[in-house]
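In case you want the letters, here they are:
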Amino acid sequence: MSITIRTGLMALALLGSTALTAVTAEAADQEISWIYCGDKLDDIHAKYIKQWEEKNTGWKIAPEVVGWAQCQDKATTLAAAGTPVAMAYVGSRTLKEFAQNDLIVEVPMTDEEKKAYYPHIVDTVTFDGTQWGVPIAFSTKALYWNKDLFKQAGLDPEKPPKTWDEEIEYAKIIKEKTGIPGFGLSAKTFDNTMHQFMHWVYTNNGTVTDAEGKITLDSPEVLKALEAYKSIVPYSEEGPTAYEQNEVRAIFLDGKVAMIQAGSGAAYRLKDTKIDWGITTLPLGPQAKGPGTLLITDSLAIFKGSGVEDKAIEFAKFITSPGPQEEYELNGESGLTPLRPSPNIDKLVTEKPYWKPLIDGISYGGPEPLFTDYKGFQNSMIAMVQSVVTGQAQPADALKKAAGEIEAFK
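Predicted model, so just to flag it, every value in this text is computed and none were measured.

(A) Looking closely at the pattern of salt bridges. Considering all chains together, one arrives at twelve salt bridges under this definition. Note that Glu368 is salt-bridged to Arg93, the shortest N-O span being 3.6 Å. Of this pair, Glu368 sits in the loop between β11 (366-367) and α16 (374-389) while Arg93 sits in the loop between β3 (87-91) and α4 (95-100), placing them 275 residues apart in sequence. Both residues of the pair, Glu368 and Arg93, belong to the buried class. The salt bridge partner of Lys317 is Glu113, with a shortest N-O separation of 3.0 Å. Of this pair, Lys317 sits in helix α12 (residues 309-319) while Glu113 sits in helix α5 (residues 111-115); the two residues are 204 residues apart in sequence, bridging distant segments of the chain. Judged by relative accessible area, which is 27%, Glu113 ranks as partly exposed.

(B) Representation of the sheet that holds strand β8 (residues 259-262) in the model. Here three strands make up an open sheet; going across it, the order is β8-β7-β9 and the pairing antiparallel. The open sheet has two edge strands with one neighbour each: β8 and β9 (277-280). When strand polarity is set aside, the average angle formed by the axes of neighbouring strands in this sheet is 25°. Here strand β7 (residues 142-146) runs beside β8; their pairing, made up of four bridges, is antiparallel. From the neighbouring strand, Leu143 faces β8, where its bridge partner is Gln261.

(C) Spotlight on unusual backbone geometry. Phi is positive for Asp102, close to 60°, though the residue is something other than glycine. Looking at the element boundaries, Asp102 is found in the loop between α4 and α5. Residue Asp102 is classed as partly exposed on the basis of its relative accessible area of 46%.

(D) The packing of helix α8 (residues 191-202) against helix α9 (residues 220-232), seen in detail. At their nearest, the axes of α8 and α9 sit 9 Å apart, and the two run at 115° to each other. Both α8 and α9 take part in a crossing whose hand is right-handed. Residues Thr193, Gln196, Phe197, Trp200 and Val201 of α8 form the contact with α9, whose own contacting residues are Val222, Ala225, Leu226, Ala228, Tyr229 and Ile232. Across the contact of α8 with α9, the residue classes break down as nine nonpolar, two polar and no charged.

(E) Fine view of the state of the cysteines. This model, assessed by the stated rule, comprises one disulfide. Paired through a disulfide, Cys37 and Cys71 show a sulfur-sulfur distance of 2.0 Å. Judged by the sign of its S-S torsion, about 95°, the cystine formed by Cys37 and Cys71 is right-handed. With Cys37 in strand β1 (residues 30-37) and Cys71 in helix α3 (residues 68-80), this residue pair connects regions lying 34 residues apart in the sequence.

Calculation criteria
Residues numbered from 1 in each chain as written. Predicted model: local features only at pLDDT ≥ 70, side-chain atom pairs only at ≥ 80, totals over all residues. Heavy atoms only, no water. Salt bridge = Lys/Arg side-chain N within 4 Å of Asp/Glu carboxyl O. Helix = DSSP H or I, 4+ residues; strand = E, 2+ residues; numbered from the N terminus. Buried < 20%, exposed > 50% of the residue type's maximum accessible area, 1.4 Å probe, protein only. Pairing = 2+ DSSP bridges. Axes fitted to C-alpha atoms, helices over the stretch in contact; angles between N-to-C directions. Left-handed = near helix turned anticlockwise from the far one by under 90°. Contact = heavy atoms within 4.5 Å. Nonpolar A, V, L, I, M, F, W, Y, C, P; charged D, E, K, R; others polar. Disulfide = S-S within 2.5 Å.

Bear in mind that shape data such as this cannot, by itself, settle questions of function.
Next comes the structure, spelled out in C-alpha cells:
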C-alpha cells in the first residue's frame, strides 16, 4: 500500500514539476538579441535598455558585445547560416548588400522621423526609396590647421584656406618655407582612403551614383577632385600610400604636418598638445554649392527570420530616438557628430566651438554610396586614388577605369 502511495506521490510530483516548467517557459521573456560593437555596453544604452524593458513586460534585450573588428562579420555569418540575431550594429554602407541578399527587413520612417535629422542623414540608410536601418552613430570631417606653421611660412594664422586652390597654394608655401609637409594625404590600402577622397567629391558637388543608382563617378566634378588630389601630393608627407587617416592625424598632433581633414577626435586629442590650432569647414572646389563632407553613419539593422522583427524595429527606434540618442552623443567625449539639431546641440557648439564646422559641413554633404558589393567598390576607389598619387595613371584615365569597374558592384 505504502509503495503504491509513494509511487503515486512521485508521479504527482513529476506532473507538478512538468506543469511548473511549462508555466515558467510560458512566462519567460521574449528576447531581442543584439550584436553590439565595442569593448563594453555603453552606460547610456544600458540605462535605456532597462527603461524599455520596464515598459515592455515580457521582453528582454540581450546585447552581445563584440569587438569592432569582428562584430559585423559575426552578424553576417549568423544571418547567412539561417540563425540570425534580431538586430546588429552595422556600417550603413553594407545595408544594400544585406537587403539584396534578403537578410534584413525594411525599417520605414515617417516624414516626421525623417525631418528630425540633419539633411541627408536618412540618405545613408536609403535605397530604392526605402530605409533599411536606423542611424545610431555619425561622423563628419573638417579642416584642421597648425597656426604656428602658418606663421613660420609667412601666412596669416587666422585665415585658413577656403578653396582648393588656396589649400594647395598654402600647402606649397609651407613645404617650401619650412620643409614641413603642408597637407596630410591618406592613400594607404585602407577603407578611409576612399572616405578621405569622398570629402573632396562632396566639396565639389560631385556624386558617385544618382538617385536611380546610375554610376556618375566619371563626371567633371569628380575629375576636378582627383586632379586636386594629385596637385597636392608634392606638398604632402612623403609616401602617402603608407598612411591612413589616423596615422596622418598622429603626424599632425606631433606638429609635423600643417593641415589635415579630421573629425572631432583630433580636437579632443589636441588638448594634450602645445599646438596652436584652428578648425574650419573643408575647402571648396570650383563647382561647390556650399560646405560639404562625407556623411558616414553606422546603423541598427533588423535581421530577417528572428521572429521578433517588429518588436526589434520598435526598440531600435526607441534607443535611437532624440532623447536617448542625444544623451549618448553628448556623454563624455564620444566623438560622434550629432544626428539631429536641438537646443542642446546649439549649447554644445557654444561651449565647444570646434563642433560648428563639423556640423556646418552637413549642409551639402553626401552619404557613403550604397553598393551590393561594397568592398569591391571600395577597393576600386582606393586603387584609383593610389594610381594617381603614385603617378602610375593620369586622373582622367584612372577615373574612367574606376567608373567602369564599379558598374559590376551595383
